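Here's the letter readout for the chains.
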Amino acid sequence: MKILVVNCGSSSLKYQVLDMTDESLICKGLVERIGIEGSILTHSKIGADKFVLEVPMKDHKDAISHVIEAIQDKEHGVITDMSEIGAVGHRVAHGGEKFAESVLITDEVLAAIEDCVELAPLHNPANILGIKACMDLMPGTPEVAAFDTAFHQSMPAESYIYSIPYKYYEQYGLRRYGFHGTSHKYVAEVAADMLDKSIEDLKIITCHLGNGASIAAVKGGRSIDTSMGFTPLAGLAMGTRSGDIDPAIISYICKKEGITVDEMNSVLNKESGVYGMSGISSDMRDIKSAAAEGNERAQLTLDVYAHKIKAFIGAYIAEMNGVDAIVFTAGIGENDPLTRANVCRDMDALGIILDPEKNETREQSVISADDSKVKVLLIPTNEELMIARDTLAIASK
Ligand code: AMP
């Protein structure tokens, strides 16, 4: 079966088609500036040149209709008829407490995803537009929703309840949800395969370090804690997001700077993290270059970044009473040996020893030393494949 995977943003849309007979990616693409002047679709058939289409696309339905044309295009397409697409998998940002796994989209499911808009006002509305567009344009094709939050629904209450008045949880659903769930689940499963062990018998810490970053403690294949919270602002320092800070800082800065809470929220989301600390860039590559040239704030940024990851790893080892493997994934986790080395430095007391030579790789591999009790693994994430696997399983039922 061939599966179309769709990931909608407010003005953009990413897609992939996978052939699930061998799980191979056969084409992928990106539509940008949906509903804005200058809409553009970039389509790549694997092994062929890119195909670019610049036509006005007033909404997500317009965009999806051009995607459908592109994947059937005589020259650049990968199918001859849409009936070859057995199902569509949609990435959905927030499933609240309603969804602990991927589901077939029905009218009731769509209504439940709409109920979660309050929890993810920037993301769920775009996901819903994509789902509705596919339902209109591909009637009869099963549609599946895969939620960023679902994998973390297995967390026990002690991990997700905040120490604030309980009524806020009851009234507003204020709790830790966690995100990047599809990625944490995917790399944890690959880690178990690499170690040739059943995931039920493993304690794994998965570090998804991209522009957004989060860590999860995965015990017996289930997420038992994660660093992102009610929103993706919590936890680690990220490209432009602060991660955890003393909550009293918010009112302090609002008063000192005379800014509103919304403005402060924007500071924490868009002007903080690696960008805010360094004053240079949100991109780790720029920070590394600056630090190598002797820029002290860039070095401090690298130190703070690794320190926070280390602190979570320590906490999760305590929560799980040990760890078998630590996984690094996403843009920084996959491509930056320095961050991996900074995080794993001086952790031999916990049985974590990195092999400096093996750590230079960008390929999926074991990067810990042979005598390291805890295996350290580099595993490129593949959220689309995970969504396609879930979609295939649900559509085949
Ligand atoms: P992602 O959100 O997973 O696409 O990750 C994007 C981030 O990965 C970028 O903002 C960079 O900070 C980081 N990145 C990509 N390549 C490298 C590299 N070679 N070294 C350090 N960081 C990198």
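In case you missed it, the structure is sitting above this.
The text that follows walks through the structure, step by step, so that each part is easy to find. (Residues numbered from 1 in each chain as written. Predicted model: local features only at pLDDT ≥ 70, side-chain atom pairs only at ≥ 80, totals over all residues. Heavy atoms only, no water.)

A few words now on the sheet that holds strand β5 (residues 50-53). Spatially, eight strands are ordered β5-β4-β3-β2-β1-β6-β8-β7 in an open sheet, and the strand pairing comes out mixed. Either end of the sheet is taken by a strand with one partner, and the two such strands are β5 and β7 (103-104). Packed on one face of the sheet, helix α1 (residues 60-72) meets β1 (2-8), β2 (13-19), β3 (24-32), β4 (40-45), β5 and β6 (85-92) and runs near 35° to β2. Strand contacts of helix α14 (residues 383-395): β1, β2, β6, β7 and β8 (143-147), with the helix running at about 125° to β6, the strand carrying the most contacts. (Pairing = 2+ DSSP bridges. Helix = DSSP H or I, 4+ residues; strand = E, 2+ residues; numbered from the N terminus. Contact = heavy atoms within 4.5 Å. Axes fitted to C-alpha atoms, helices over the stretch in contact; angles between N-to-C directions.)

This next bit is on the side chain of Thr-301. Tracing the backbone shows Thr-301 in helix α11 (residues 296-320). The exposure class assigned to Thr-301 is buried, which follows from its relative accessible area of 1%. Apart from residues no more than four positions distant in its own chain, Thr-301 is found in contact with Val-274, Met-277, Ser-278 and Ile-287. (Buried < 20%, exposed > 50% of the residue type's maximum accessible area, 1.4 Å probe, protein only.)

Right, let's get into α1. Note on helix geometry: an α-helix contains 3.6 residues per turn, so any two residues three or four positions apart are oriented the same way. Compared with the 18 Å implied by 1.5 Å per residue over 13 residues, the 18 Å span of α1 between its first and last C-alpha is a close match. All of the buried residues in α1 are His-60, Ala-63, Ile-64, His-66, Val-67, Ile-68, Ala-70 and Ile-71. Its side-chain oxygen 3.3 Å from the backbone nitrogen of Lys-61, Asp-59 forms the N-cap of α1. (Expected span 1.5 Å × (residues − 1). Polar contact = N/O pair within 3.5 Å; in protein donor to acceptor, adjacent residues only side chain to side chain.)

Attention now goes to the nonpolar core. Core analysis: the largest hydrophobic core is formed by 40 residues, its most contacted members being Ile-205 and Ile-313. Of all the secondary-structure elements, those providing two or more residues to this core are β9 (203-209), β10 (213-219), α10 (284-292), α11, β12 (325-329), α13 (337-344) and β14 (375-378). A per-element tally of this core places α11 first, with ten residues. If sequence neighbours within four positions are ignored, Ile-205 has contacts with Ile-215, Ala-216, Ile-313, Tyr-316, Ile-317, Met-320, Val-323, Ala-325, Ile-326 and Val-327. (Core = buried A, V, L, I, M, F, W, Y, C linked by side-chain atoms within 4.5 Å.)

This brings us to unusual backbone geometry. Unlike most non-glycine residues, Asp-196 shows phi in positive territory, near 55°. By the secondary structure assignment, Asp-196 is in the loop between α6 (181-195) and β9. Positive phi, close to 75°, is recorded for Ala-330, a residue that is not glycine. Turning to its location among the elements, Ala-330 is positioned in helix α12 (residues 330-335).

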